[in-house]
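Chain by chain, the residues run as shown.
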Number of protein chains: 2
Amino acid sequence: MFKSAKRALSLAAGVAIGLSAASSAWSASSLEQVMKERGLTQKDVLAAAKTYVPTGGRDEYLVFSSGGQSGQVIVYGIPSMRILKYIAVFTPEPWQGYGFDEESKAVLAQGRINGKDIKFGDTHHPALSETKGDYNGKYLFINDKNNPRIAVIDLHDFETKQIVVNPIMKSEHGGAFVTPNTEYIIEASQYAGPLTDEFVPLEDFNDKYRGAVTYWKFDMKEGRIKPEQSFSIELPPYSQDLSDAGKGPSYGWSFTNSFCSERYVGGIERGRPPFEAGCSSKDTDFLHVINWKKAAELVKAGKAKTINGHKVLSIKTAVDNGILYLVPEPKSPHGVDVSPDGKFMIVSGKLDSHTWVYSFDKIMKAAKAKKFEGKDPYGIPIIAMKDALHTQVNVGLGPLHTQYDSKKCIVYTSIYVDSMVTKWNYCTGKVLDQMPIHYNIGHLMAMEGDTVSPDGKYLVALNKLAIDRFNPVGPLHPQNHQLIDISGDKMQLLYDMPLPLGEPHYAVAIKADKLKPAIRYRSGWNSREDKRSPYKARAGREKIVRSPGKVEVFGTLIRSHINPEILEVTEGDEVIIHLTNLERAQDETHGFAMRGGNVNLSVEPGKTATARFIADKAGVYPYYCTEFCSALHLEMQGYMLVQPKGYKAKASGMKEGVKYTEADYKKQVKTNLDTQAVIDSVVAFITSHNYKDFPTVVALVEDATDQLGFAAEAKKKSEAAAARKDWQNAMLWANQWWQYQVKTADMGLRAKTYLEQNGAKKIK
Amino acid sequence: MFKSAKRALSLAAGVAIGLSAASSAWSASSLEQVMKERGLTQKDVLAAAKTYVPTGGRDEYLVFSSGGQSGQVIVYGIPSMRILKYIAVFTPEPWQGYGFDEESKAVLAQGRINGKDIKFGDTHHPALSETKGDYNGKYLFINDKNNPRIAVIDLHDFETKQIVVNPIMKSEHGGAFVTPNTEYIIEASQYAGPLTDEFVPLEDFNDKYRGAVTYWKFDMKEGRIKPEQSFSIELPPYSQDLSDAGKGPSYGWSFTNSFCSERYVGGIERGRPPFEAGCSSKDTDFLHVINWKKAAELVKAGKAKTINGHKVLSIKTAVDNGILYLVPEPKSPHGVDVSPDGKFMIVSGKLDSHTWVYSFDKIMKAAKAKKFEGKDPYGIPIIAMKDALHTQVNVGLGPLHTQYDSKKCIVYTSIYVDSMVTKWNYCTGKVLDQMPIHYNIGHLMAMEGDTVSPDGKYLVALNKLAIDRFNPVGPLHPQNHQLIDISGDKMQLLYDMPLPLGEPHYAVAIKADKLKPAIRYRSGWNSREDKRSPYKARAGREKIVRSPGKVEVFGTLIRSHINPEILEVTEGDEVIIHLTNLERAQDETHGFAMRGGNVNLSVEPGKTATARFIADKAGVYPYYCTEFCSALHLEMQGYMLVQPKGYKAKASGMKEGVKYTEADYKKQVKTNLDTQAVIDSVVAFITSHNYKDFPTVVALVEDATDQLGFAAEAKKKSEAAAARKDWQNAMLWANQWWQYQVKTADMGLRAKTYLEQNGAKKIK
């Protein structure tokens, strides 16, 4: 009556036949029938075909989207619009163990403000690392608007590695943007504040509040920001906004726009018109034009002052050295976008209906000729609009952000108030197409649309109000990213994608084949520091180290047990548990959670992670693997026993719940021999094929071989116990031997399926 | 050169024309061409057509999936497989303000263990509230395995309302399951422990460790669990697992399975065979058969003892009163699933290849006849397998969980080790179809598949290893939910959906039209307590209340300002900020974040939310709206100024950054009059149509009318200032008047678009 592993194998063979038989069923239900039943138009089916990715297929682009006040980064594929991952950045996230294991807590601790742990961020603008102005697929940077910070995410493992706190800003929106070789990550302030941390009354706003732009030095080799090599430029107390770096002819320069250059301070609670009235009264705000390359030299030459341990070039120094200019721009803009060739910058004002195209060449000519229309109240020379503009184009009410096509001179601008996308030509100034999108669009994004070589193909409208687009899920709605086909003359709406968590602002899309993520860590790895963990343990070398008031565990995780399974500590002990995942197969993550506190780890293959806590209450605390890793996953458990101080252990020992006989032992051994026959047949299949050409299978085979080795050890123990007629241990070890066999078979079957599905060839 | 609002309107008209012109472009690119370019088969296109939901379309079913150790619930649509929301349950989540506002902190505080805040949960099995065994769409329940807890989510607003801590369990996996009228929510323990909180050594495992099943009383009217009316039944120290409630003939009974009925305690670190060996040595474990209805009567009759303030029926009492039986079941099972007619229970053992079908009728007959094969070591009568079984079916290696089709006797079982789904008939015992899925499947779920009237149609395989299914995103993979069409004889794979965050275990799917979520709250609403907040503020009634050491703000949020905009407090003050969102339009959520700490609110229309903190460091703290709510969203800002103790304000007052003239004022007024003409034309369009038939539009019109009222007030202030030749304030208020007009126009245009797209009729 009980399963024989052989039967399982024959079943698997039956499935393969069943599958080919099933295909005839498919042709029976026709496309027309489905269209009729589901009320789809031909257009719908075409859009479906353009976005559907069949099982096991790959998306062409990966998108990294900010998650807004969720504090996370969202990763999804194009064209399928399937979300692949939320990367924990500023907010603790238990599935990833982020903010729970000591290794990631150390990353979050870098982001403390005034010594306080910050449990969220307001992420806005992600930026991918670049080489020669093109994405290199190595790192991702993202800002926190609320507590001015920048985080570094390694695209090798999609983990957050570093958080830096801006030392002088009180608010920030304009990050992250990178220079063409990621020499610097650009971060501009938003709401002005004193550059020091002291209290300064609002009455001194004009005199003592300031904006700034910070250039964070990035070391591509090390993958870390170097705060000591970073610097800032002091700016007037306008609300600086987004930035972009020049490239080609404009390499070495960066551009930062602003709003509220009126320097208005509201106070509706005291009868004053609110910020929104005073911050949008003038027709224009200021685009800041900055030479970051020369600025870096000035800092090196000792021209900077130090504020909070950070180098800051004053407005005066910047002006005196000709590295800072202002140009009027349409009011309340959002986004300055440099053309792929570096010759033009496009700025849109949300309260205007025109997009303004600036010529970098004209700006430089005016600057060199010192042809200014005046200076702002802080002494910064202002280049007249007419001396900087290439053209202005009427694109619709509330233009916001522009992205570049692969086709020369073609751009797309998001139109907030009119809720549409306008396609236009910035060389000729002609509007080519307009497409309504659903409710208010913020940013928009084309494939690699802010690099030196945009890919065209797709555009994503990042819409801020989803309203009636999806099934209702309560007063808090998802946002809506709409995928648009831009390969033809006319834009075509393909897909509406709800964002289930967070409020994305900007996103960047990279060709998927530029990314080479790892599938496992080197054994015993601290992934947050990218180095071997001193707390690594190997199979058979697990240990519990005790010192007064402290218990430190060097343990391991493998299908399907945690070592140690019983952990006895004393009330009040500091408990430190390091766990290394011994698996090598892809996706064989183990988790570790324990009752009573916030002990929760995600330990991917190879990783070593650490939980640390005080065992402050005597009692019984079960722990277990949280990831459904294997058939006996629920049995991957243990107990921490917190003994009262002064507790003396009983000498009674563990009582067995069930007694086993020689017959039990023999029955189990028979099952094991049957199972071994199945394993042998699977092994024969694998080794008779070119499995070594498939890294996924090689990893599976490695792990299967490990398990088979463990099986042999358990077999030995079982036989030794049987020899001394200790049927209890003979049976238990025989069963453990079988458990290892089952895991071997499981991996073997997965490897076999993989080979079959991926066209492996018979080698003899 | 600057925008005229009229031009914006004409642009919008142009878009409508552009759209119809674009449709010809669509027909040009044919389906065949797309298939060729993208390498799609006919089967792929059919699957795409069966799952694609066009813009604005609705999914037929909503799925509520556990998020595993993310501690959240995931909501997605079928057939589109688009994720609509992550509902924050056990883990703080800033986008939702969950764990940041005082109202939701109070919910999380209910889930404290030993006084400690728990910052995550390990959610496993969601359950929808039922009436007569069918989903009623009102509430969702979800468990935390790690710290035994149950949460209540209200499907009116998709928010977590209550968390209860199990008073006697140390571990729990078997929740939540509901009785047919949601009389009780069933929660079974997993790893045994002492029912009290004291330390008990593992040596006393057999004698003093226990399992249990808790029946939480639910009040459907109030939407809350009533702990004082809840009770538990003591069970042996087996690892109890999942449950299901009887219905129809088995109404009043519930079924809970178990593993490790060997009561084996591991200890691999001390040379003992691990848990996995000893917990799977016997061929069978025990299904617990319990009469909860009679148990409730026994509790009422005073037969329970009290542990930790909670009523517990002892094993002896349960046995003596004939409400607790055991039946052998296949070893290490996961899931006991009662048939829609309540006559059968299906159990699968992960280490078996058979699924066992029990007859409730047979079990009752044996119980009545007291025909037992013996008693377990705790005195519970055991009904023999042969006296309980209806049939056993060989379905594949590692069967796990069974779901019911709409067709009589048809079921689907997930097969873990063989990675497939088996369709079979539990009346005839015949296997009908088998479909391979991608790597290890855990639970599976049919539409309303565990109710009295399953819908059939679709099945979702909840796969645990995604391995090579998606673009790689590092060592931690998404999981994979595969959508399967079960409408025909053969199962057909439709879609692979990555889960970007969390590790789902079980999910439930409800017909979407059974849900009636709200789109806004009643004004000034505490959503977590479902009642009017005492801290609500109305427009114009905002106030700041000061007492020694404390500042309490009763403020408001509306496009596009926060009231108050300036908040002066003294170092060391306790600051409490209550904010009410005055909006009524759908999706007009405002956020509120402030630098320096963890101040972060999500305030949906109508909601009142509270931030509370100590202003412990003098300085400047900008705050702002985190949701991109309007064109001047970035200007929706303010400053908290923390003054040093003893600070005396300067008498100088605010200095204006820009001075305005009569000409500025007049220019603004001209713009405003032009804008008013546009608004009038939009209003004329709306009122000439049957807009009152569209609740979405009515809400927009309400809010637009509010904004127009505010515009009139600002106009008055502007004119009063102009009358006294105060051009500064005349200009600023004129601009504020225009800001209100822009918002009116924005909402008006959205309303107009909605009416056009939803077939509104002209009424005169």
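Reference entry: report on the structure contained in this document.

Thresholds applied
Residues numbered from 1 in each chain as written. Chains lettered and ligands numbered in written order. Predicted model: local features only at pLDDT ≥ 70, side-chain atom pairs only at ≥ 80, totals over all residues. Helix = DSSP H or I, 4+ residues; strand = E, 2+ residues; numbered from the N terminus. Buried ≥ 20, exposed ≤ 12 C-beta atoms within 10 Å, placed from the backbone. Contact = placed C-beta atoms within 7 Å. Least-squares fit on C-alpha atoms with pLDDT ≥ 70 in both. Core = buried A, V, L, I, M, F, W, Y, C linked by C-beta atoms within 7 Å. Pairing = 2+ DSSP bridges. Axes fitted to C-alpha atoms, helices over the stretch in contact; angles between N-to-C directions. Nonpolar A, V, L, I, M, F, W, Y, C, P; charged D, E, K, R; others polar. Parallel < 35°, antiparallel > 145°, perpendicular 65-115°, else oblique. Expected span 1.5 Å × (residues − 1).

1. Observations concerning the overall build of chain A
Scanning chain A for helices and strands turns up 12 helices and 44 strands. Once the C-alpha set of chain A is aligned to its principal axes, its extents read approximately 100 × 75 × 50 Å. Here chain A holds 764 residues, and 64% of them are scored as buried. Counted over contacts in chain A with a minimum sequence separation of 6, partners at least 24 positions apart contribute 63%.

2. Quick notes on the relation of the copies chain B and chain A
In the superposition of chain B on chain A (RMSD 0.1 Å, axial shift 0.0 Å), the rotation amounts to 180°. Here the copies are linked by what is in effect a two-fold axis. No C-alpha of chain B approaches the rotation axis more nearly than that of B:Ala48, which lies at 2.8 Å. Of all interface residues in chain B, 100% are interface residues in chain A too; the two copies therefore contact each other through one and the same surface.

3. Things to note about the nonpolar core
Membership of the largest hydrophobic core comes to 471 residues, with the highest contact counts inside it found for A:Val421 and B:Val421. Excluding its chain neighbours within four sequence positions, the residues that come into contact with A:Val421 are A:Tyr412, A:Ser414, A:Ile415, A:Met435, A:Ile437, A:Ile441, A:Leu444, A:Leu459, A:Ala461, A:Ile484 and A:Met491.

4. A closer look at the sheet that holds strand E4 (residues 127-131) of chain B
All names here are of chain B. Strands sit in the order E4-E5-E6-E7 across an open sheet of 4 strands; the sheet is antiparallel. Every other strand in the sheet has two partners, leaving E4 and strand E7 (159-165) as the edge strands with one partner each. In this sheet, neighbouring strand axes are inclined to one another by 30° on average, regardless of whether the strands run parallel or antiparallel. Bridge count for strand E5 (residues 134-144) against strand E6 (residues 149-154) is 6 bridges, and the pairing is antiparallel. Its bridge partner lying in E6, Asp144 is registered against Arg149.

5. Focus: the interface of chain B and chain A
If you look at the interface, chain B gives 209 residues, while chain A gives 211 residues. Sort the elements by how many residues they give to the side of chain B that touches chain A and helix H1 (residues 5-28) of chain B lands first, with 13 residues. A per-class count over the side of chain B that touches chain A returns 99 nonpolar, 62 polar and 48 charged.

6. Things to note about the pairing of strand E28 (residues 441-447) of chain A
Residue and element names in this part refer to chain A. Taken across its 7 residues, E28 has 7 buried, putting it largely inside the fold. As paired strands, E28 and strand E29 (residues 456-463) are joined by 5 bridges and run antiparallel to one another. Bridge pairing in E29 links Met445 to Val460.

7. A few points about the pairing of strand E35 (residues 543-547) of chain B
All names here are of chain B. In terms of residue burial, E35 counts as a barely covered element, since only 0 of its 5 residues are buried. Bridge analysis of E35 against strand E36 (residues 550-558) gives 5 bridges, and the strand direction is antiparallel. When the sheet's bridge partners are listed, Ile544 is paired in E36 with Val553. Counted along the chain from E35 to the antiparallel partner E36, the turn is 2 residues long, and its residue Gly549 has a positive phi close to 75°.

8. Here's the deal with the sheet that holds strand E4 (residues 127-131) of chain A
All names here are of chain A. The sheet built from 4 strands is open, its strands ordered E4-E5-E6-E7 with antiparallel pairing. The open sheet is flanked by E4 and strand E7 (159-165), the only strands paired with a single partner. Sheet twist, expressed as the mean angle between neighbouring strand axes with direction ignored, is 30°.

9. So, unusual backbone geometry
Note on backbone geometry: most residues besides glycine have negative phi, and most peptide bonds are trans. Residue and element names in this part refer to chain A. Looking along the chain, the bond that leaves Asn563 and enters Pro564 is cis, with omega of 15°. Take Pro564: it is sitting in the loop between strand E37 (561-563) and strand E38 (566-570). Even without glycine at this site, Asp587 takes up a positive phi of about 75°. With respect to the helices, strands and loops of the structure, Asp587 is situated in the loop between strand E39 (574-581) and strand E40 (590-594).

10. What to know about the packing of helix H3 (residues 42-51) of chain A against helix H2 (residues 31-38) of chain B
Two numbers describe how H3(A) lies on H2(B): the axes approach to 9 Å, and their chain directions differ by 5°. Viewed along their axes, H3(A) and H2(B) adopt a mutual orientation that is roughly parallel. Residues A:Val45, A:Leu46, A:Ala49 and A:Lys50 of H3(A) touch H2(B), and the partners they reach there are B:Leu31, B:Val34 and B:Met35. Classifying every residue of the contact of H3(A) with H2(B) gives 6 nonpolar, no polar and 1 charged.

11. Focus: the environment of B:Ala760
All names here are of chain B. Here Ala760 lies in the segment after helix H12 (727-757). Classification of Ala760 as buried rests on a count of 20 C-beta atoms within 10 Å. It is 9.4 Å that separates the C-alpha atoms of Ala760 and Ile686, two residues lying 74 residues apart in sequence. With sequence-adjacent residues up to four places away left out, Ala760 is seen in contact with His689, Asn690, Tyr691, Phe694 and Leu755.

12. Regarding H2(B)
Judged by how many residues are buried, H2(B) sits mostly at the surface: 0 of 8 residues are covered. Positive phi appears at B:Gly39, one or two residues downstream of H2(B), with a value of about 65°.

13. What to know about helix H10 (residues 662-687) of chain A
An α-helical segment advances 3.6 residues per turn. Residues three or four places apart therefore align on the same side. The terminal C-alpha atoms of H10(A), which comprises 26 residues, lie 37 Å apart, in line with the 38 Å expected from a rise of 1.5 Å per residue. Looking at H10(A), one finds that the buried residues are A:Asp664, A:Tyr665, A:Gln668, A:Asn672, A:Thr675, A:Val678, A:Ile679, A:Val682 and A:Ile686.

14. Concerning the environment of B:Lys293
All names here are of chain B. Checked against the element boundaries, Lys293 lands in helix H7 (residues 292-300). Judged by local crowding, Lys293 falls into the partly exposed class, with 17 C-beta atoms found within 10 Å. As for Lys293 and Gly252, which are separated by 41 residues in sequence, their C-alpha atoms are 4.9 Å apart.

15. A few points about the environment of A:Ser453
Residues and elements named next belong to chain A. For Ser453, the position within the fold is in the loop between E28 and E29. Overall, the presence of 12 C-beta atoms within 10 Å leaves Ser453 in the exposed class. Beyond its immediate chain neighbours, meaning those up to four positions away, Ser453 contacts Asp134, Pro340 and Glu448.

Everything listed here is a matter of coordinates, which is why it stays silent on function.
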